[in-house]
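Structural overview
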Amino acid sequence: MNNIHLHIIGSESFANLLSELDLNYRVGFGKNLKFNNQDSLVRVIFVDQLQISEIKKYFLENIPTIFLLSNKDYLKKNKLSLMEFHVALFVPIELLSFKEILNILITKYNF
């Protein structure tokens, strides 16, 4: 699992934290996606920081994505469903658990 690019949307402080921890991931922040096609891409989206209209487009793309939610009823309330390579997690999340879930998601996507 080399060359993993994490694209963080909705929390610059989380992107900075991951960069400082040096977990062997390339970390990008913002809505404009920039990565090498040879990298494995995973988006990490903090849904509470975005408008629902913007979030819905991410649910339509079958790109490995981790949606971080603070409300357990968010998906049901907004009639959103996860695709095959989507994972919904609830904050706060422990970073080592996040890393393991991330590795599982990438393995599933590459398989």
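These lines cover the structure that appears in this document, whether it is placed above or below. In this text, all values refer to a predicted model and were calculated from it rather than measured experimentally.

It is worth spelling out the packing of aromatic side chains at this point. Within the structure shown, the criterion is met by 4 aromatic pairs. With a centroid separation of 5.5 Å and 90° between ring planes, the pair formed by Phe14 and Phe98 is classed as edge-to-face. Taken together, the residues span a long stretch of sequence, with Phe14 in helix α1 (residues 12-21) and Phe98 in helix α4 (residues 95-110) at a distance of 84 residues. For the ring pair Phe85 and Tyr109, a centre distance of 4.7 Å and an interplane angle of 85° mean the geometry is edge-to-face. With Phe85 in the loop between α3 (74-77) and β5 (86-90) and Tyr109 in helix α4, the pair connects residues that are 24 residues apart, well separated along the chain. Ring pairing ties together the aromatic residues Phe14, Phe46 and Phe98, which thus form one cluster. The ring of Phe90 carries the charged tip of Lys72 above its face, separated from the ring centre by 5.2 Å.

Criteria and cut-off values
- Residues numbered from 1 in each chain as written.
- Predicted model: local features only at pLDDT ≥ 70, side-chain atom pairs only at ≥ 80, totals over all residues.
- Heavy atoms only, no water.
- Phe/Tyr/Trp six-rings, centres within 6.5 Å; stacked < 30°, edge-to-face > 60°.
- Helix = DSSP H or I, 4+ residues; strand = E, 2+ residues; numbered from the N terminus.
- Lys NZ or Arg CZ within 6 Å of the ring centre and 35° of its normal.

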